[in-house]
Amino acid sequence: PRRHAATSVTEEESSPSSGGTVESVNLKQSPGPSQQRCDGAFLNCMPHAKCISCFATMQADDVDWASVPANTPCPDVIKFLSAKGKCTDLENDQSEMDVFCKTFDSCVVWDDDAPGGRGGGGGDGGGDAPEQPDCDALTSCDWSGKHNGFLGDGVCHDAIPGCYNSAICGYDGGDCCEDTCGAANNNKDATAEGEYVTCGQDGYACRDPESGKCDPKLTTKCKEEPEPEPPKPGPADVKCATDETTYRLIQYDSWGDGWDATKMTIKEGDNVVYEGALEEGSEGTKYICLKNTPTCYHVEVKGGIWGNEVSWEVKALAVGAPSVADGGTPMECTFSSAGEACDKTCNGPPSSGHENDPEYTSYNDLLGCIKEKCIIQVGSCEEDGTCQPCLLDDTPAFCFANAKYNALIDCALCRCAAEGERPSEYCESKLPSGQGGGGGTPEPPKKDEHGVAAQCNADETLKGSGAVMKFSQCSKVDTIKAMVTDFDESNFGKLDAFEACSHSYANDNMHGGRKALDCMRILSDAINSPNTDANPDAPTEAIAALANHLYSNAETFCACASDAGKDCPMCASFIHFKVLLSETLDACKALDEIDCDAWNEFYDPCKKNLIEKFSKIDFDNQNQCDFVKDTCGGAGPFPAFRRLDCGREVPKESWDFYTMYDRGCLGGALPPSPSPPRPGPAPHDPVPKPTESPVAKPTNPAPVPRPTSPSTPKPYVPPPDDSDNKPDYKPSDSSSPSSSSTSKSRKSHKFAWFVLICAVAGGVYYKKKQSDSFDFVRYRRQRNWGGESEMYNGLSMDNSCSFEPPSLPPTPAAMGGDLGA
């Protein structure tokens, strides 16, 4: 037997799905006690503090519990963990230990078959899988249990039961091909960083024959023939000299992932005959040229990592020919061709240990990491008499037939190897090893097969369990677990109705004849009356819990579901939990489509009802807050928000109403909303710049003073009324230094009159030009700083609605001055 991540279980704690014929699809049944699927088992573990604490501790410390040795009893697992100071509280609590072991055994199960099987999309320990529809026979993209929101959402649902990735459904709305997902479909939700999902987060499965990425491994319908793989080099491809003969260099790798950091060099003196490594797989053949006369060759093999054993041999081309040289690593040795030119030391395993190879990563180099991250595997091996001798750098050959040793190597290579030495392809895509070393490659999907999920590997099991724990931080998993344990595609009740309403409002002409508040009412009703007539047996409490999370705390809840969805793998053990997350994110998207419009529809009747009841709006009054929250006098259900980002989507007065409510009733601090863009003329500069007048301006215009503070105009003081001493009238001219002298001559009086007449004439001319061409700058100065001017005739400063930039200082009148005095 071998142990690997769970892909299937038998029925337990199940409830039959409603309607139709059901069957289990391609499921492997594990011997022994019946078990739940891993995602359902984890959700059952969540309410138990000690159970979930143990798994959370292992996740935080990166302990590999999924690729455990075969036949390791769960009580031994707890013992090994407790010895390292982890999960110590389980040992003295039998009920919590039972829950932990049930979860552990559901995620890592026994299977007598070799790895590589594919689990079905249904049939876990709770609920049967609905019958997989015949996708080629569908006349429309519709079947029982279909989730409309999955199409075009950015996630490829090829493994989800149904026909999403088929021609009739537009190949999942383009989601399953890299060149048609997201941006190609104008799907902002699939491309915005950190928003809902990211295209390709669960991989692609391109079956669309029109796509340039159509995968011929998945469908027979690709238009372009796949490029044939280049033929492997053969003996004829090697051109040897006339004094040379072609030989085979055969290289082996115990773990099936190539040599990684191991390198090999064969030289004849200073001449390099071969330099390289096994690039991939467990075996490969290279062709080299060796001399026809006795010649000595020097071999050097260095590098590598403990547990990943490499070996090699040199043979003639003839079938069944014995090797002329063979060995492993690290090794420096010699061999001859066509006779004995030197001693043959390339003869079997290395004679010296790995301690002589500075490039080799030894067991001791890895030991610190292994003891922290491979606790269960080390404990199992150390307690087994046949495995304990394998914990050496020079591992005996029999160790590679020991399941416990192979499980330890699995963990060491995938958790503790340096980046350049880690067999990443093996760790990410292959199943855990059981016996014989090296995990099997999962069986590829059958061509044109729909709705079948691949078996989870150990890495995916760890990621999936982490996603379940992450989602538990923002949701009441004890109430929503029925969505997974009693899974049915039609189990989402009024949440499906809410999503259908919102998508229709957002995408159909004339909003599909709906109002946004109608959709919001469906979501609100789902909290207290979650089921529909179509499926009255759906899990009421679970639907109500999801609806309440979305209605009451959408922003945090949706962000949490998005993070969990990105972590959760699309594999059989977590496929029902994946559907739950996808459905949750579709509900989040649906709320985003209608929340702002729902508020705008709610605003007008609510404001009217509020004023009728309370005479004025005062959100410092708790009664008004409660009135608004409770349908606002029948205006409708108080709208929920995916995000508080409606300031530019609704009229300013509508969003300002919410801002006031938020500040007064919720203690929020939303900023004032910007005015939403409205059609109309292009905006003007708030302070227009005056254009140059074609008329010549005075060369030295008198500047208009800007007072720094309001002042009282200087009063006119008439001269003393003394007729006896009253002098003859003499015009005053400040430009003449003798204008105030009583001794000036009559000639100077004539000159003064001349100057006065010229000044009056100039003023009349200037006034005429001023009335012909309005000077906005001068008007603004006069308006702000006072002064007698005919421009003020007919103007009322109090009632003026002309624009005044906020940067201008207040007028003298506003500062207590007497305008025009």
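Placed above this text is the structure.
Owing to the predicted nature of the structure, the values given are computational and were not obtained by experimental measurement. (Residues numbered from 1 in each chain as written. Predicted model: local features only at pLDDT ≥ 70, side-chain atom pairs only at ≥ 80, totals over all residues. Heavy atoms only, no water.)

Bringing helix 11 (residues 458–472) into the picture now. Since one α-helical turn is 3.6 residues long, residues separated by three or four positions face the same way. If you check helix 11, its first and last C-alpha atoms are 21 Å apart, about what 15 residues at 1.5 Å a residue would give, namely 21 Å. Burial runs high along helix 11: 11 of the 15 residues are buried. When we look at burial in helix 11, the residues that qualify are Ala458, Asp459, Thr461, Leu462, Gly464, Ser465, Gly466, Ala467, Val468, Met469 and Phe471. N-cap assignment for helix 11: the residue whose side-chain oxygen lies 3.0 Å from the backbone N of Asp459 is Asn457. (Helix = DSSP H or I, 4+ residues; strand = E, 2+ residues; numbered from the N terminus. Expected span 1.5 Å × (residues − 1). Buried < 20%, exposed > 50% of the residue type's maximum accessible area, 1.4 Å probe, protein only. Polar contact = N/O pair within 3.5 Å; in protein donor to acceptor, adjacent residues only side chain to side chain.)

Our next topic: the sheet that holds strand 11 (residues 331–337). An order of 5-4-7-11 is seen for the four strands of this open sheet, with the pairing classed as antiparallel. Looking at strand neighbours, the two that pair on one side only are strand 5 (271–276) and strand 11, the edges of this open sheet. Going from strand to strand, the sheet's axes swing by 20° on average, the running direction of each strand aside. (Pairing = 2+ DSSP bridges. Axes fitted to C-alpha atoms, helices over the stretch in contact; angles between N-to-C directions.)

Under the criterion given, the structure shown has 23 salt bridges. Ionic pairing is found between Lys50 and Asp93, a salt bridge with its closest N-O pair at 3.0 Å. One end of the pair, Lys50, is in helix 2 (residues 49–60); the other, Asp93, is in the loop between helix 3 (74–83) and helix 4 (94–107), with 43 residues separating them in the sequence. Taking the relative accessible area as the measure of exposure, Lys50 reaches 28% and is therefore partly exposed. What you see here is one network of salt bridges that share partners, running through Asp62, Asp64, Lys373, Arg415, Asp459 and Lys463. (Salt bridge = Lys/Arg side-chain N within 4 Å of Asp/Glu carboxyl O.)

What follows is about the nonpolar core. Of all hydrophobic cores here, the largest spans 119 residues; its most connected members are Phe42, Phe55, Trp65, Phe100 and Phe471. Broken down by element, this core gets its largest block of residues, 18 residues, from helix 18 (residues 575–614). Dropping the residues within four chain positions of it, Phe55 is found in contact with Phe42, Cys45, Trp65, Phe100, Thr103, Phe104 and Met469. Formed by 24 residues, the second largest nonpolar core is a distinct cluster that contains Ile305, Tyr363, Tyr405 and Ile409. (Core = buried A, V, L, I, M, F, W, Y, C linked by side-chain atoms within 4.5 Å. Contact = heavy atoms within 4.5 Å.)

Relative to the helices and strands, Asp343 resides in the loop between strand 11 and strand 12 (360–361). For Asp343 and Cys296, which are 47 residues apart along the polypeptide, the C-alpha to C-alpha distance reads 8.5 Å.

A word on the sheet that holds strand 9 (residues 310–316). An order of 6-3-9-10 is seen for the four strands of this open sheet, with the pairing classed as antiparallel. Pairing within the sheet leaves two strands with one partner each, and these edge strands are strand 6 (283–291) and strand 10 (323–327). Put simply, the sheet's adjacent strands are angled 20° from each other on average, direction ignored.

What follows is about the packing of aromatic side chains. As enumerated under the stated definition, the model contains 27 aromatic pairs in all. Centre to centre, the rings of Tyr297 and Phe335 are 5.5 Å apart; their planes meet at 25°, and the pair counts as stacked. On the criterion of sequence distance, the pair formed by Tyr297 in strand 7 (residues 295–302) and Phe335 in strand 11 is long-range, its members being 38 residues apart. On the basis of relative accessible area, Tyr297 is assigned to the buried category, the value being 1%. Accessibility expressed as a relative area gives 0% for Phe335, which makes it buried. Aromatic side chains Phe641 and Tyr658 sit 5.1 Å apart centroid to centroid with 65° between the ring planes, which places their arrangement in the edge-to-face category. In this pair, Phe641 sits in the loop between helix 19 (622–629) and helix 20 (652–665) while Tyr658 sits in helix 20, placing the two residues 17 residues apart along the sequence. These aromatic residues form a ring-pair network of at least three members: Trp599, Phe602, Tyr603, Phe619, Phe638, Phe641, Trp655, Phe657, Tyr658 and Tyr661. (Phe/Tyr/Trp six-rings, centres within 6.5 Å; stacked < 30°, edge-to-face > 60°.)

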